[in-house]
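# Structural overview for review
Below, each chain spelled out in residue letters.
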Amino acid sequence: MIDPLNAWWAQQLVLCDWAFDPDPLSVDSEAALARLQGLGVADRGELGWRLVESLGVGGSLADPARLLSALEVVALAGSAGWLEESGARAWAHRLAAEISAHHGDLDAWLSALRRARSAEGWVRGDDGFAEACEALSALEHDGDGITWERLGEWLAIHDALPSLWPSGEEAQVWRLRAGFAPVVALPAGEQDWAGLAGWLGDAWQIHDRDDLVRALLWLGAQGDRQGWDLDAVRLLESDPASRYAWLHKLEEPDQRYGRVLLEFVEHGEPLEWGAWDWLRLVDLAWAGACLGWLSDREAIDFALHGADLVMHRYSDWSALARAYQRGRSLFEGRNLLPTFEADWRLLLQSPVSPWRPALQGLLEPSLLERSRQAMRDWRADARHWVLALAAVREPELAARQGPASAVPTARREDARQYLAETLDLHPDEGVEALSRYWLPAQAHHLNQLAADAAHGALPRAETSFGPADPAGLASRDALRHGSRHAATVHMAEKYAFYLQMAMDSEGFDTEGLARLAEALRASLCRFYPDARRLLEAWASWEALLPEEGQPSLVAEIRWHEEDPGSLFHWIDWRGGEWQEPGPRPSLFLFTAMALVGPLNSPAWSLPHPESERERVSIREWIDGHYGLHGAEELGEFLNFLLETGDRQEYQINYAPYTLNAARLASEIATLESGECSDEERTHLLRLQRVRDNEDGCNDTDLAAWDVAQAVDLAIAARQLGWLEEPAFVAVLERAHGLAAAHYSGWDSYARGLHAGFSFFMGETPERESFLAGFRQALVAWLAAAPPLAGPWASLEFPGARPSHWAPMHIDTLPGDSRTLH
């Protein structure tokens, strides 16, 4: 029995110079492919555009020449295997319905074609076209063809038009690719995109599967939009003069981009263009499927991810297209919004556009959830936590997502130089050396200050050594705004950056670095249940304590908080068993180490044996200041400091003079009247200080000087490997007890430390400047102004009664019974 649609379709192909064959899909596949190439249809992407264009837009009458051309192209595509028979018939059915609706009989159809025949390339010349029309008329009446009336009857029976685009729940996602080229059939293959591999290499520098995956993950998480978003925020906050100063600093082609962005800002255009990245994500996912670099499941999951992000932000196709047009404008450096209607009219208005269904609700929630898990799986290893944190400071790192890639030589050398010059960290120290940059005690200190600030319980601004710096006080008092957020991220994000540099240096044990990354993830997951809480905390602490000399990262952090594709929302938040990249000292040990005061930098973590390179400088310091040359000598000296120390020398050799002023004056006069040896000169200076009661040396317990020296030397001995951990802890316990026995609080301890520092200082022209600097440091430590000067203000003095407020969270050191652990 004759197939009415095929017969009618074959008859129309006579107008395209085809010999009549009742089966329009019987052309040899190679011949069909050659003919498609001759018609300019190089791949199925172009085929999709031809089909959409053929039916016009917005209800307007389609061009009859384009309709006829589409019938030919569909027949060729079916013969070439680009369309399955069902797909080819579906398009023929839709085209037949359009022709029948607007050209009710053969004469009307041929008349319309005659009027359109001047459209070069659609029909043959006048003589050939006339012959084809006669042949078509004959076919309608000789019994081999089908009449227009019979076609109408068949269409009436089959009035439900078949789906023109790939059907199925998963296939719906490829409708989003129509902005580049409609997807007409599945599965994807090389026939869908001519010259694809070359284009990927030239336009994207993508040469294999791993390159592609990294590009896909980058588009989802950051893309071009981040830099544009941040520029837009800054421009909105700037005055006109600042905006144009920014523009003129740019060089071409960036200046063209800047002009477009400024135009958007000044004309009130919505400053949003995420679709530029997310539609390209779908496009590259399709490219991966075409080349076989991605499995069908992988390609669909990536495309679903792009769709998920799109539907998170846009209500309909028009909003999506306009956002993409803005992004393309910025990328190309020319405002394309005036051509928006012309560029997108087909997709937004064509009756057969893949975008006819509503954007919202296009995809099943179960599929979107599947894609979300797939994206998390791509970023499941803890390395992506390090990337996420480090990329806030260095956005280029976001391109490293997915399969690990080789580090370029220049990058490796830059990382090694950074570690050596900025951190004094070298590969021969081993992975363990990175623990010195994990500072949980610092986080405890900040959390405690924030809690006290929230309750108005911070130390007084006026100290025994003068008032605190106003700017430092303002910074300290502002910490009340951070009381709701655990401060670990303030320290951890810097640690993550150092860890990334260590990874890039390729000088450290890979497995060891991976363990540190796992520990970093576990620690942050303990304190922050999700991305929002972590980023809120980070933004809060970054605003309160910006890094000196560096621009604030608050805008970058807020971007990650608000952007649905940011890597922070797609890393694995299942922390597992809690662990940390470095040891967490007890509150007791942290307090004991704090007894060193301004004699050294604050000890925010437990010391550990250092590399031989570091040990050389430490030994030189110990030798130069104390004349100690080994573990045994140092151990004996520690015992001396803790048992008797310099304080005993004062009590024996100088305190008695305070009871006999005449003898003191005589002794001083005798020494001043003759030549003095170095030892005698030191004795004279100390006698003069007793006479003048300089810095309260006669009224102040000097034990703090011995305690601070003992702790300082114990830390150095631990770094040298001269003290094992139990012996080190034993020294700290003795120092802690000695401080508790001699002083009531940090203020009295500070006075003792200052008096001892002053009294036992050797002769030097810089004495006054040294003392002034020491007093300034003591003020900062006592008042916590600036907040990271030292930890005294956040710690209970040894033996003192509790006086601090408990933080609102568990980000504190163990041993504080007033917080939950």
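Below: a short report on this structure. (Residues numbered from 1 in each chain as written. Predicted model: local features only at pLDDT ≥ 70, side-chain atom pairs only at ≥ 80, totals over all residues. Heavy atoms only, no water.)

## Looking at the overall build of the protein chain
When helices and strands are counted, the protein chain shows 36 helices and two strands. On C-alpha atoms alone, the protein chain measures out to a radius of gyration of 39 Å, which is more than a quarter above the 28 Å that the 2.2 N^0.38 rule sets for 821 residues. Along the three orthogonal principal directions, the C-alpha set of the protein chain runs to about 145 × 50 × 45 Å. Out of the 821 residues in the protein chain, the part that is buried amounts to 56%. (Helix = DSSP H or I, 4+ residues; strand = E, 2+ residues; numbered from the N terminus. Rg over C-alpha atoms; globule rule 2.2 N^0.38 Å. Buried < 20%, exposed > 50% of the residue type's maximum accessible area, 1.4 Å probe, protein only.)

## Quick word on the nonpolar core
Nonpolar side chains tend toward joint burial in soluble globular proteins. Core analysis: the biggest nonpolar cluster contains 263 residues, and Leu-534 and Tyr-749 have the highest contact counts within it. Considering each element in turn, this core owes the most residues, 13 residues, to helix H33 (residues 703-720). If near-sequence neighbours (up to four positions away) are discounted, Leu-534 is found in contact with Trp-385, Leu-389, Val-489, Leu-524, Tyr-528, Phe-568 and Trp-573. Membership of the second largest hydrophobic core comes to 12 residues, among which are Ala-453, Leu-479, Ala-487 and Leu-545. (Core = buried A, V, L, I, M, F, W, Y, C linked by side-chain atoms within 4.5 Å. Contact = heavy atoms within 4.5 Å.)

## Examining unusual backbone geometry
In most cases, non-glycine residues show a negative phi, while peptide bonds are predominantly trans. Residue Pro-187 follows Leu-186 across a cis peptide bond; omega there is 0°. Counting through the fold element by element, Pro-187 comes out in the loop between helix H8 (148-157) and helix H9 (196-204). A cis geometry characterises the amide bond from Ala-785 onward to Pro-786, with omega recorded as 5°. Its place among the elements puts Pro-786 in the segment after helix H36 (767-783). One non-glycine residue, Asp-17, lies in the positive phi region at around 75°. The backbone of Asn-693 shows a phi angle near 45°, a positive value even though the residue is not glycine.

## A short note on the packing of aromatic side chains
A complete count under the given rule lists 38 aromatic pairs for this structure. Ring centres of Trp-781 and Trp-792 lie 5.1 Å apart, and the angle between their planes is 70°; on these two criteria the pair is classed as edge-to-face. Highlighted residues: Trp-781 in helix H36 and Trp-792 in the segment after H36, separated in sequence by 11 residues. Using a relative accessible area of 4% as the deciding quantity, one classes Trp-781 as buried. Note on Trp-792: relative accessible area 1%, which makes it buried. (Phe/Tyr/Trp six-rings, centres within 6.5 Å; stacked < 30°, edge-to-face > 60°.)

## Digging into the packing of H33 against helix H35 (residues 746-760)
Orientation of H33 relative to H35, taken along the N-to-C sense of each, is 85°, at an axis distance of 6 Å. Between H33 and H35, the angle is such that the two are roughly perpendicular. Contacts between H33 and H35 involve Ala-704, Trp-705, Val-707 and Ala-708 on the former and, on the latter, Tyr-749, Gly-752, Leu-753, Gly-756, Phe-757 and Phe-760. When grouped by side-chain class, the residues that make up the contact of H33 with H35 number eight nonpolar, two polar and no charged. (Axes fitted to C-alpha atoms, helices over the stretch in contact; angles between N-to-C directions. Parallel < 35°, antiparallel > 145°, perpendicular 65-115°, else oblique. Nonpolar A, V, L, I, M, F, W, Y, C, P; charged D, E, K, R; others polar.)

## Considering the pattern of salt bridges
Under the definition given, this model contains 56 salt bridges. A salt bridge links Arg-383 to Asp-381; the nearest nitrogen and oxygen atoms lie 3.6 Å apart. A relative accessible area of 33% means that Asp-381 is categorised as partly exposed. One connected set of salt bridges, linked through shared partners, spans Asp-224, Arg-225, Glu-272, Asp-277, Arg-280, Arg-313 and Asp-563. (Salt bridge = Lys/Arg side-chain N within 4 Å of Asp/Glu carboxyl O.)

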